[in-house]
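Chain by chain, the residues run as shown.
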Amino acid sequence: MSDTYHRPNQKRLQTLRDIANKLRVHSIEATTAANSGHPTSCCSAAEIMSVLFFHEMRYIVSSPRDPASDRFILSKGHAAPVLYAAWAEAGLIDKKELVNLRKHGHELEGHPTPKLSFVDVATGSLGHGLSIGAGMAYTGKYFDKASYRTYVMIGDGESAEGSVWEAVNFASHYKLDNLVAIFDINRLGQSEPAPLQHNMEVYRKRLESFGWHAIVVDGHDVDALCRALHEAKTTTDRPTALVAKTYKGHGITGISDEENWHGKPLGTKTDQALEEIRARIANDGPHGITPQPVIDDVPKYDGKPVKLSSKPNYDLGSKFATRKAYGNALKKLGDSDRRIVAMDGDTKNSTFSLTFKNAHPDRYVECFIAEQNLVGVAIGCGCRDRTIPFASTFAAFFSRAYDQIRMGAISQTNVNLVGSHVGCSIGEDGPSQMALEDIAMMRAIPTCTVFYPSDAVSCERATELAANTKGICFIRTSRPDTIVNYSADEVFEIGKGKLLRKSANDAVTVVGAGVTVQEATKAADELAKENIHIRVVDPFTIKPIDASLLNDSASATGGKVITVEDHYPEGGVGDAVADALGHRPDVIIQRLAVRAIPGSGPGSVLMEDHGISTHAIIEAVKKLIA
């Protein structure tokens, strides 16, 4: 570490103390006006915020998401008022607006969201910030190769979350020396003291055992914080953690370090608290500090649409697994655009993200078996449009990261999630590996587009579309080889399905999806031998689903519709079709789905056992038209 630290002069240090106390005043006034919020959690972080925003960080006040600026994530999102106060003191927010905290119709919500120009990701569900910060730092170090740094403030209570330690492990493994985690150890949780309270050495030893440079610091001493952040900046080959000893409600007599003040405005103690804090402010006028200039060494991107480098190349009628086609498509997208990056949870040889890694190893990130961190890192990599991230694992394991995914929607993230090994059709691995609820999960995410390609061509096109689609995209890929139904030039659109079988006298509409599309087409061919004709719909996207095609098909088949899916009935394809047709009293929908927990066995046998096979479709059609 360098010994070039230059201690700020006394005037500068006093100004930083004054700003910290102004942040306390703003936070208390805002939460009192709202009659809700977390003023004591803000008070513990005030000096940290002052030193970060007015001494350490490089950023452009008028352009908070400037690509070359330092990043800051308030992982302990309940301390949002102190973040808003910092930006008000920086000059971005009118200080008069702070008292509109948590008020309907105003943007300063109870926890930070990217509705605000200075917030990259939503926080408030705890334990997310460090993973996202690690993704930002990884992007800065390895993709952008730029000077910007990432700072994450973490509460001691939230450090009980396993996702925090997944991120700690990841950041150390990749030597993210441009990442600083600041643990605000204010001793008190929501309902009782945090497990370690002020046992600072245990925090330090734990972080050091993961390979971090850990500094125990007085979180209310601006001089000590300046020195510690300089030490962090001059530490190489490992991330730094500031383990800051603080007190909840610091600066307020009778409230500081006292229990039962979490998430409460100060009420009748407000005037006393404000008077006490203001008495410590030497200069209540403008502080005169502007942020350090940014180092503008970030690569520029044109933002053009991303295209496959070549068309899908599969023979009609041949068989090819969509999970393998995903790998091919991702590699082609990577050939075309350096923004394409991929990450996986140690399943790359099963999801076939390995194909991308082999072609573009410098843009592949192994996240290991830590799915919460996998999703968080992907969200971080996608911030400020630095990359177009694709994160893959078995679809069942995304359930482990569902909180990260739902918060990703609130964060307005553009991240692509690819889940393989779906349904009972995966076979002998058994139910622990079978995603049978993932469509329901992803359909419930408000910004999520759900792709379920049935063949290799549609899977390549789904991957291409996802790369160009705002919001979260989920691509559901299958393990078994499925018949190639589409030519290389087939055009696919989000919300537009395909008719694979159609005649003038169709008796029933059968909606398949993924592997059940080929079961439906086989059923159509077998039924045609008995002069029974059915219409087969491949929806391509389950959300949005092609309501127009479904309505037209239902009308053409006398309102008789069968859905067949390798998924539990709740929230899946059948429910999506019912949502599209539910307004019609003339439509009858019969749903074939996996209605019990499967066991191990060949995929074709399991599909037969659970009533989603060709034979099951034939029987259902005959019963419906009987």
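Whatever comes next refers back to the structure up there.
Residues numbered from 1 in each chain as written. Predicted model: local features only at pLDDT ≥ 70, side-chain atom pairs only at ≥ 80, totals over all residues. Heavy atoms only, no water.

*Asks:* I would appreciate a short explanation of the layout of surface pockets in the present structure.
*Replies:* Empty space among the atoms becomes visible once a probe the size of a water molecule is rolled across them. The calculated volume of the largest pocket comes to roughly 340 Å³. Lining the largest pocket are 19 residues, with Arg339, Asp385, Ile388, Ala467 and Lys470 positioned closest to its centre. Of the residues belonging to the lining of the largest pocket, the class tally is 7 nonpolar, 8 polar and 4 charged. Reported here for the second largest pocket is a volume of approximately 260 Å³. Along the walls of the second largest pocket sit 18 residues, with His78, Leu126, Gly189, Gln190 and His262 positioned nearest its centre. A breakdown of the residues in the lining of the second largest pocket according to their chemical character gives 2 nonpolar, 11 polar and 5 charged. (1 Å grid on protein atoms, 1.4 Å probe; cavity = no way out; pocket = protein on both sides within 12 Å on 5 of 7 lines; lining within 4 Å. Points joined across faces, edges and corners; volume = space filled by probe spheres on them. Nonpolar A, V, L, I, M, F, W, Y, C, P; charged D, E, K, R; others polar.)

*Asks:* Teacher, can you tell me more about the packing of helix α6 (residues 162-173) against helix α13 (residues 371-382) here?
*Replies:* Helix-helix packing is described using two parameters, namely the angle between the two axes and the distance between the axes. Two numbers describe how α6 lies on α13: the axes approach to 8 Å, and their chain directions differ by 70°. Put simply, α6 runs roughly perpendicular to α13. Relative to α13, the crossing made by α6 is right-handed. Where α6 abuts α13, its residues Ser163, Glu166, Ala167 and Phe170 lie against Glu371, Gln372, Asn373 and Val377. When grouped by side-chain class, the residues that make up the contact of α6 with α13 number 3 nonpolar, 3 polar and 2 charged. (Axes fitted to C-alpha atoms, helices over the stretch in contact; angles between N-to-C directions. Helix = DSSP H or I, 4+ residues; strand = E, 2+ residues; numbered from the N terminus. Parallel < 35°, antiparallel > 145°, perpendicular 65-115°, else oblique. Left-handed = near helix turned anticlockwise from the far one by under 90°. Contact = heavy atoms within 4.5 Å.)

*Asks:* Help me understand empty space enclosed by the protein, please; the structure alone is not making it clear to me.
*Replies:* Applying the stated criterion across every chain yields a total of 4 cavities of 30 Å³ or more. Put simply, the parts of the chain that give the lining of the largest cavity at least two residues each are β1 (71-74) and α4 (80-90). Per-element tally for the lining of the largest cavity: the top contributor is β1, with 4 residues. Of the residues in the lining of the largest cavity, the class split is 13 nonpolar, 1 polar and 4 charged.

*Asks:* Any chance you could explain the environment of Arg12 here in plain terms?
*Replies:* As for its position among the elements, Arg12 is in helix α1 (residues 10-34). Counting along the chain gives 43 residues from Arg12 to His55, while the straight-line C-alpha distance between them is 9.0 Å. Those residues in contact with Arg12 that lie beyond four places of it in its chain are Phe54, His55 and Ile289. There is a polar contact of 3.1 Å between the side chain of Arg12 and the backbone oxygen of Phe54. (Polar contact = N/O pair within 3.5 Å; in protein donor to acceptor, adjacent residues only side chain to side chain.)

*Asks:* Is there a simple way to think about the packing of aromatic side chains in this case?
*Replies:* For any pair of aromatic rings, the description rests on two quantities: the centre-to-centre distance and the angle between the ring planes. A complete count under the given rule lists 19 aromatic pairs for this structure. Pairing Phe53 with Tyr59 gives two aromatic rings, centres 5.7 Å apart and planes at 70°, and the pair type is edge-to-face. Across the pair, Tyr59 and Phe53 agree in class, each one buried. Measuring from ring centre to ring centre gives 5.3 Å for Trp87 and Phe118, while their planes differ by 25°; the resulting arrangement is stacked. Of the two residues, Trp87 is situated in helix α4 and Phe118 in the loop between α4 and α5 (129-143); the sequence distance between them amounts to 31 residues. Taken as a pair, Trp87 and Phe118 share a single burial class, namely buried. Among the aromatic side chains, those forming a connected cluster through ring pairs are Phe53, Tyr59, Phe72, Tyr84, Trp87 and Phe118. The ring of Tyr148 carries Arg71 above its face, with NZ or CZ at 3.6 Å from the centroid. (Phe/Tyr/Trp six-rings, centres within 6.5 Å; stacked < 30°, edge-to-face > 60°. Buried < 20%, exposed > 50% of the residue type's maximum accessible area, 1.4 Å probe, protein only. Lys NZ or Arg CZ within 6 Å of the ring centre and 35° of its normal.)

*Asks:* Just checking my understanding: could you explain the nonpolar core for this structure?
*Replies:* Within the largest apolar cluster, 134 residues are counted, with the highest numbers of intra-cluster contacts made by Leu130, Met343, Phe390 and Leu417. Residues contacting Phe390, with those up to four places away along its chain left out, are Tyr326, Leu330, Leu333, Ile340, Val341, Ala342, Met343, Asn416, Val418, Thr463, Ala466 and Ala467. By size, the runner-up hydrophobic cluster in this structure holds 51 residues, among which are Ile19, Val51, Val61 and Val180. (Core = buried A, V, L, I, M, F, W, Y, C linked by side-chain atoms within 4.5 Å.)

*Asks:* Quick question: what am I supposed to make of the state of the cysteines here?
*Replies:* Two cysteines form a disulfide when their sulfur atoms are joined by a covalent bond. Scanning the model with the defined rule gives 0 disulfides in all. Unpaired in this structure, Cys43 has its nearest cysteine sulfur neighbour in Cys42, at a distance of 6.8 Å. Summary of cysteine pairing: Cys226 is not part of a disulfide, and the nearest cysteine sulfur, belonging to Cys43, is at 20 Å. The class for Cys226 is buried, based on a relative accessible area of 1%. (Disulfide = S-S within 2.5 Å.)

*Asks:* I would appreciate a short explanation of the side chain of His128 in the present structure.
*Replies:* Its location among the elements puts His128 in the loop between α4 and α5. Leave out the neighbours within four places in its chain, and His128 touches Ser75, Glu158, Asp403, Gln404 and Met407.

*Asks:* What should I look at first to understand the packing of α1 against helix α8 (residues 222-233) in this one?
*Replies:* Contact geometry of α1 with α8 gives a least axis separation of 9 Å together with a crossing angle of 105°. By the angle between their axes, α1 is roughly perpendicular relative to α8. In this structure, α1 contributes Leu13, Leu16 and Arg17 to the contact, and α8 contributes Val222, Asp223 and Cys226. When the residues that make up the contact of α1 with α8 are grouped by side-chain class, the tally is 4 nonpolar, no polar and 2 charged.

*Asks:* Just checking my understanding: could you explain the sheet that holds strand β4 (residues 213-218) for this structure?
*Replies:* Two orientations exist for strands paired in a sheet by backbone hydrogen bonds: parallel and antiparallel. If you trace the 5 strands from one edge of the open sheet to the other, you get β1-β2-β3-β5-β4, paired in parallel fashion. Pairing within the sheet leaves two strands with one partner each, and these edge strands are β1 and β4. Ignoring strand direction, the axes of neighbouring strands in this sheet form an average angle of 20°. Bridging between β1 and strand β2 (residues 150-155) involves 4 bridges; their strand directions are parallel. Following the sheet pairing, Phe72 is matched in β2 by Tyr151. Each of β2, β3 (179-185), β4 and β5 (240-245) is contacted by α8, which is oriented at about 170° to β4, the strand it contacts most. (Pairing = 2+ DSSP bridges.)

*Asks:* Explain the environment of Arg65 here, please?
*Replies:* As for its placement among the helices and strands, Arg65 is situated in the loop between α3 (46-56) and β1. With a relative accessible area of 35%, Arg65 lands in the partly exposed category. When sequence neighbours within four positions are dropped, the list of residues in contact with Arg65 reads Pro114, Leu116, Ser117, Val119, Asp120 and Arg384. A polar contact of 2.8 Å, which involves the side chain of Arg65, links it to the backbone oxygen of Pro114. Within the local environment of Arg65, its side chain forms a polar contact with the backbone oxygen of Ser117, the two atoms lying 3.2 Å apart.

*Asks:* I'm lost on helix α9 (residues 270-278) in this one. Help?
*Replies:* Turn by turn, an α-helix covers 3.6 residues, leaving residues three or four places apart pointing in a common direction. Taken residue by residue, α9 has Thr270, Ala273, Leu274, Glu276 and Ile277 as its buried positions. Axial view of α9: buried residues confined to an arc of 165°, hence all on one face. Across from the buried face of α9, at angles greater than 90 degrees, the exposed residues are Asp271 and Glu275. Buried residues along α9 sit in contact with α1. (Arc of directions from axis to C-beta.)

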